[in-house]
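One-letter residues, chain by chain:
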Amino acid sequence: MNLTRRSFGYALAAMAAFALAPSPSSAQSLTKLTFIQEWPTPDGFWVPWILGNKKGFYAAEGIELEIVTPPTVADTMKFLGTGRAQVAFTTVMDVIFAREQQAPVTAIARYGRGNNWGILSAEGSPLTVADLKGKTIGIYNDAWTKAQLTMMLADASLTLDDVNTVAASDDTVPLLLQKKVDAITGITNAEGTGMATTGGQHAEFLAATKHGVPNSPIFMLAGNDDWLKANPDVAKAFLRATQKSIEYAAAHQDEAVAAFFELYSKAYDEKFITQQWKDTVPLFGEMGPDLMVHNNADWVALLDALKKFKVVSDVLEPSAYYTNQYLAQ
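Residues numbered from 1 in each chain as written. Predicted model: local features only at pLDDT ≥ 70, side-chain atom pairs only at ≥ 80, totals over all residues. Heavy atoms only, no water.

**With respect to the sheet that holds strand β3 (residues 87–91)**
Argument step 1. Read from one edge to the other, the open sheet built from five strands follows the order β2-β1-β3-β10-β4, with strand pairing classed as mixed. Each of the sheet's edge strands pairs with one partner strand only, and the pair in question is β2 (63–68) and β4 (105–111). Taken pair by pair, the neighbouring strands of this sheet meet at an average axis angle of 30°, ignoring direction.
Argument step 2. In this structure, β3 lies alongside strand β10 (residues 219–224), joined through five bridges in antiparallel fashion. Counted as the bridge partner of phenylalanine 89 is leucine 221 from β10.
Argument step 3. Across the sheet, helix α6 (residues 92–100) lies against β3, β4 and β10, angled at about 105° from β3, the strand it touches most. (Pairing = 2+ DSSP bridges. Helix = DSSP H or I, 4+ residues; strand = E, 2+ residues; numbered from the N terminus. Axes fitted to C-alpha atoms, helices over the stretch in contact; angles between N-to-C directions. Contact = heavy atoms within 4.5 Å.)

**What about helix α3 (residues 47–55)?**
Argument step 1. Among the nine residues that make up α3, seven are buried, leaving the element largely enclosed by the rest of the structure.
Argument step 2. Considered for burial, the residues of α3 that qualify are Val47, Pro48, Trp49, Ile50, Leu51, Gly52 and Asn53.
Argument step 3. Just downstream of α3 lies glycine 56, where phi reads positive at about 90°. (Buried < 20%, exposed > 50% of the residue type's maximum accessible area, 1.4 Å probe, protein only.)

**Here we look at the packing of aromatic side chains**
Argument step 1. All chains considered together, the criterion is met by 16 aromatic pairs.
Argument step 2. On the numbers, 4.8 Å between centres and 45° between planes, the contact of phenylalanine 45 with phenylalanine 219 is tilted. Taken together, the residues phenylalanine 45 in the loop between β1 (31–36) and α3 and phenylalanine 219 in strand β10 connect sequence positions 174 residues apart.
Argument step 3. The exposure class assigned to phenylalanine 219 is buried, which follows from its relative accessible area of 4%. (Phe/Tyr/Trp six-rings, centres within 6.5 Å; stacked < 30°, edge-to-face > 60°.)

**Overview of the packing of helix α12 (residues 253–263) against helix α13 (residues 270–280)**
Argument step 1. It is the contact of α12 with α13, at a shortest axis distance of 10 Å, that shows an interaxial angle of 140°. Relative to α13, the element α12 lies oblique. Between α12 and α13 the crossing geometry is right-handed. Along its contact with α12, which presents Gln253, Ala256, Val257, Phe260 and Phe261, the element α13 presents Glu270, Ile273, Thr274, Trp277 and Lys278.
Argument step 2. Of the residues assigned to the contact of α12 with α13, the class counts are six nonpolar, two polar and two charged. (Parallel < 35°, antiparallel > 145°, perpendicular 65-115°, else oblique. Left-handed = near helix turned anticlockwise from the far one by under 90°. Nonpolar A, V, L, I, M, F, W, Y, C, P; charged D, E, K, R; others polar.)

**Notes on the pattern of salt bridges**
Argument step 1. Applying the stated criterion across every chain, the model contains six salt bridges.
Argument step 2. Put simply, glutamate 66 and lysine 32 hold a salt bridge, and the shortest N to O gap is 3.9 Å. Of this pair, glutamate 66 sits in strand β2 while lysine 32 sits in strand β1, and the two are 34 residues apart along the sequence.
Argument step 3. What makes lysine 32 partly exposed here is its relative accessible area of 48%.
Argument step 4. Taking the shortest distance from any N to any O, the salt bridge between arginine 99 and aspartate 225 comes out at 2.9 Å. (Salt bridge = Lys/Arg side-chain N within 4 Å of Asp/Glu carboxyl O.)

**Observations concerning the pairing of β10**
Argument step 1. Extensive coverage of β10 is indicated by the burial of six of its six residues.
Argument step 2. Side chains Phe219, Leu221 and Gly223 of β10 all project onto a buried face; the interleaved residues Met220, Ala222 and Asn224 project onto the opposite face, where all are buried too.
Argument step 3. One ladder, built from six bridges, connects β4 with β10; its direction is antiparallel. Across the sheet, the residue bridging to alanine 107 is alanine 222, located in β10.

**Some thoughts on unusual backbone geometry**
Argument step 1. Despite not being glycine, glutamine 102 shows a phi value in the positive range, around 65°.
Argument step 2. Along the chain, glutamine 102 falls in the loop between α6 and β4.
Argument step 3. The class for glutamine 102 is exposed, based on a relative accessible area of 72%.
Argument step 4. At lysine 179, a residue that is not glycine, the phi angle is positive and equals roughly 60°.
Argument step 5. Mapped onto the elements of the fold, lysine 179 is located in the loop between α8 (173–177) and β8 (183–187).
Argument step 6. Overall, the relative accessible area of 74% leaves lysine 179 in the exposed class.

**A word on the environment of phenylalanine 205**
Argument step 1. Tracing the sequence through the fold places phenylalanine 205 in strand β9 (residues 204–207).
Argument step 2. Counting along the chain gives 45 residues from phenylalanine 205 to leucine 160, while the straight-line C-alpha distance between them is 19 Å.

**A short note on helix α14 (residues 296–308)**
Argument step 1. Counted at 1.5 Å a residue, the expected span for α14 with its 13 residues is 18 Å, and the 18 Å between its end C-alpha atoms agrees.
Argument step 2. Considered for burial, the residues of α14 that qualify are Asp298, Trp299, Leu302, Leu303, Ala305 and Leu306. Along α14, the residues classed as buried sweep out an arc of 160° about the axis, all on the same side. Exposed side chains of α14 directed beyond 90 degrees from the buried face belong to Ala297, Lys307 and Lys308.
Argument step 3. On its buried face, α14 sits against α6, β4, α7 (143–154) and β10.
Argument step 4. The opening residue of α14 is asparagine 295, an N-cap whose side-chain oxygen sits 2.8 Å from the backbone nitrogen of alanine 297.
Argument step 5. Of the residues trailing α14, lysine 310 is marked for its positive phi of about 55°. (Expected span 1.5 Å × (residues − 1). Arc of directions from axis to C-beta. Polar contact = N/O pair within 3.5 Å; in protein donor to acceptor, adjacent residues only side chain to side chain.)

Any link to function would need more than the numbers given here.
Right, dumping it as C-alpha cells:
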C-alpha cells in the first residue's frame, strides 16, 4: 500500500536507523531485536518507537531495539519472512499477501483502530461517490487501492470504467495540487497531511468506510512465526514497550516529534512530520488495554470484502493472519 512520503536521503535514513541501538556497554544484557519498517525512508508513523527507544522503554524490557529501514517497500516482508528481522511495522495487506505466498508471518498487534482511507479533493470542492463519474482520480497502482476504490464506486452503482485513473509513482498529492486530477486516493495522515503542509489547504475527504469499505486498521505490527514461537516472552516485552511508547508519544507530542528531528535532522520534512504525528494521534482513539488488540470482526469484514472483490485468490480463516496472544489483555 503506497503512502505519501517526502524525499529523504536513503543513506542518511539507514545510518540514522542503526544509530538508535544502545551502546555496547549498555546493551550487554539486552536481547537484540531487529525491527524492520514499512518504508525505505523515515515517516511520522515511527515516532512512538523512536521516542520509546530514546526514553529507555525497550531497554527496560530487556530489549536492544534496532530500527531498520528496508531497501525497498517490497523488502519488509522479505526481511521478516526469512528471519532477517524478528518484528515488522507493516500494513494489513502486506501480511495477507505474504500469507498468500505462505510466508511465516503473523500480525501481532494493530496500529490504529480503523481505516482512514478515502478520496480527497481540493478544499471547497467536496465530492460524493456519484460525482466521481467521469472524473480523473490520482491513485496508487496497487491491488488494495484499486479494490477499495472499486468498493466505493459500487456504492453508487459505478465501476472503474466510469472514472479515469492516473497512477502516481510516489505521491498523489502533487497531482491534485497541480490540478492534473479532480481527486486523489489516500489517507488522512499522509495525503491529507500533505495537502495541509504542502498545499496549505484542508482537503475535502470522502471516507471509504461510509461507502462499503471495511473499517479495518491499515497498519500492523507483525512477527516472524518461528521467532514468535521460540521467544514468546520477548515478543510480549516488545509489545508492552511499544504500547507504552505510543501512549507516551501521544501524550507528549512535542517531545515525540523532537526525538524524530534529533535522529533525522538531515533527512526529514519538519513541517510534514510535525503535522503527520498530530494527524496520527487521534486515530489511536482512547488509550487503554485494547489499544493494540486485534478485533476479529474487523478481520472477518476485511477478508469477506477481499474474497468478494477477488483481491486474494485463497482467503483463509482470520486466525491464520493474526493473533492477540502476545498482548496483555
